[in-house]
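# Geometric and topological summary
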Amino acid sequence: MYRGPASTPGCPEAVAAALTRSRWNLEVRYVGPRERLPLEPGVLAGARLYAQPGGGRLRKAYRKLKHSRAAVREFVRSGGAYLGFCLGGYLAGDTPGFGLLPGDTDRFISSPGARPRHDGDSLVSVTWNGRRHQLYFQDGPWYDLDSSRGPAEVLATYDNGLPAAVVAPFGLGAVGVVGPHPEASPDWYLASGLPVPADVGADLTQDLVDRVLQVGRGARRVG
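If you're wondering where the values come from, they're calculated on a predicted model, not measured in any experiment. (Residues numbered from 1 in each chain as written. Predicted model: local features only at pLDDT ≥ 70, side-chain atom pairs only at ≥ 80, totals over all residues. Heavy atoms only, no water.)

### Examining the overall build of the chain
Counted only if it meets this: Only DSSP runs of H or I with at least four residues qualify as helices, and only runs of E with at least two residues qualify as strands; both kinds are numbered from the N terminus onward. Using C-alpha atoms as the atom set, the radius of gyration is obtained and then compared with a globule rule of 2.2 Å times the number of residues to the power 0.38. The contact criterion used throughout is that any non-hydrogen atoms of two residues lie within 4.5 Å. Accessible surface area values rest on a Shrake-Rupley calculation with a 1.4 Å probe, where residue burial reflects the displayed protein chains alone. In summary, the charge assignment counts Lys and Arg as positive and Asp and Glu as negative, without counting His or the chain termini. Think of each charge as sitting on NZ of Lys, CZ of Arg, CG of Asp or CD of Glu.
When its secondary structure is counted, the chain shows 7 helices and 9 strands. Relative to the globule expectation of 17 Å for 223 residues, the C-alpha radius of gyration of the chain, 16 Å, shows essentially globular dimensions. In terms of its C-alpha atoms, the chain occupies a principal-axis envelope of roughly 45 × 40 × 35 Å. Across the chain, contacts joining residues at least 24 apart in sequence account for 66% of those joining residues at least 6 apart. Carbon together with sulfur atoms contributes 49% to the accessible area of the chain, which is approximately 9800 Å² in total. Distance between charge centroids for the chain: 5 Å, based on 26 positive and 21 negative side chains.

### Some thoughts on the pattern of salt bridges
Oppositely charged side chains are able to pair whenever their charged atoms sit close together. Cut-off, in case you're wondering: Just to be clear on terms, a salt bridge is a Lys or Arg side-chain nitrogen sitting within 4 Å of an Asp or Glu carboxyl oxygen. Type-normalised accessible area, obtained with a 1.4 Å probe on protein chains alone, sets the label of each residue: buried when under 20%, exposed when over 50%, and partly exposed for intermediate values.
If you walk through the whole model with that rule in mind, you get 13 salt bridges. In this structure, Asp139 engages Arg107 in a salt bridge whose closest nitrogen and oxygen atoms are separated by 2.8 Å. Residue Asp139 is located in the loop between strand 5 (131–137) and strand 6 (141–145), and its partner Arg107 is located in strand 3 (residues 103–107); the two are separated by 32 residues in the primary sequence. A relative accessible area of 31% places Arg107 in the partly exposed class. In this structure, Asp159 and Arg132 form a salt bridge, with 2.5 Å as the shortest nitrogen-oxygen distance. One end of the pair, Asp159, is in the loop between strand 7 (153–158) and strand 8 (163–170); the other, Arg132, is in strand 5, with 27 residues separating them in the sequence. Through salt bridges with shared partners, a single network forms among Arg57, Arg107, Asp119 and Asp139.

### Here we look at the packing of aromatic side chains
Convention followed: Under the pairing criterion, centres of Phe, Tyr and Trp rings, with the six-membered ring standing for Trp, must be within 6.5 Å; the plane angle then separates stacked pairs below 30 degrees from edge-to-face pairs above 60, leaving the rest tilted.
Counted under the stated rule, the structure contains 7 aromatic pairs. Judged by centre distance (6.0 Å) and plane angle (45 degrees), the ring pair of Tyr50 and Tyr82 falls under tilted. One end of the pair, Tyr50, is in strand 1 (residues 49–52); the other, Tyr82, is in strand 2 (residues 81–85), and 32 residues separate them in sequence. The two residues Tyr50 and Tyr82 agree in class, both being buried. Relative to Phe98, the ring of Tyr82 has its centre 6.0 Å away and its plane inclined at 75 degrees; by these criteria the two rings are edge-to-face. Taken together, the residues span a long stretch of sequence, with Tyr82 in strand 2 and Phe98 in the loop between helix 5 (87–90) and strand 3 at a distance of 16 residues.

### Considering unusual backbone geometry
A cis amide bond links Thr95 to the next residue, Pro96, at an omega of -15 degrees. Inspection of the secondary structure assignment puts Pro96 in the loop between helix 5 and strand 3. Residue Pro116 is bonded to the preceding Arg115 through a cis peptide linkage, with omega at 5 degrees. Assignment of secondary structure puts Pro116 in the loop between strand 3 and strand 4 (122–128). Not every positive phi belongs to a glycine, and Asn129 is a case in point at roughly 50 degrees. Tracing the backbone through its elements, the reader meets Asn129 in the loop between strand 4 and strand 5. Non-glycine residue Asp139 carries a positive phi angle of around 60 degrees. Note on Asp139: relative accessible area 9%, which makes it buried.

See below:
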């Protein structure tokens, strides 16, 4: 789990809490420039999953992480799993990013028919596995998939039909990304003056974790 200058305080901890609740017996350890463990190949070699939480602006964050691009790509290519939330989803794309997706990312708020259209804290509606949910959102991406570059499963779509959550293989591993914040707890909504959705306990993060680890189950490094 990344925690550092390319993330926003509270985002790594929220993802860590969701991972700890999962059925995969995951032990969360933080990596980053101010953590005991650095984000480097030797550390990733012993991991099952690498999570990139939400943060600030994409280009600023990538400048802090671009030296780790090769390490993250090799980790996933060799059988690891990548999980990206909001900024972490942007970073799975190409421009700029780790280049893990069969396609790229773009700002949802700039897409045709998008609601909301501002970059502040808000609610966004998605359809996830056929059911509609409202989730915490702050300028997250949509996923511009290219079938000629490989397969991908769309888990959720925004109301304008664009992909909001995606799982795709990459080498022997897998990538799971989401534009909104399904990991957000009620205090996120309350602190932003937003209504807490009635189904906030649906815990869609667990579905994303399950899917990304199942896609990579045949890989060398799932355990």
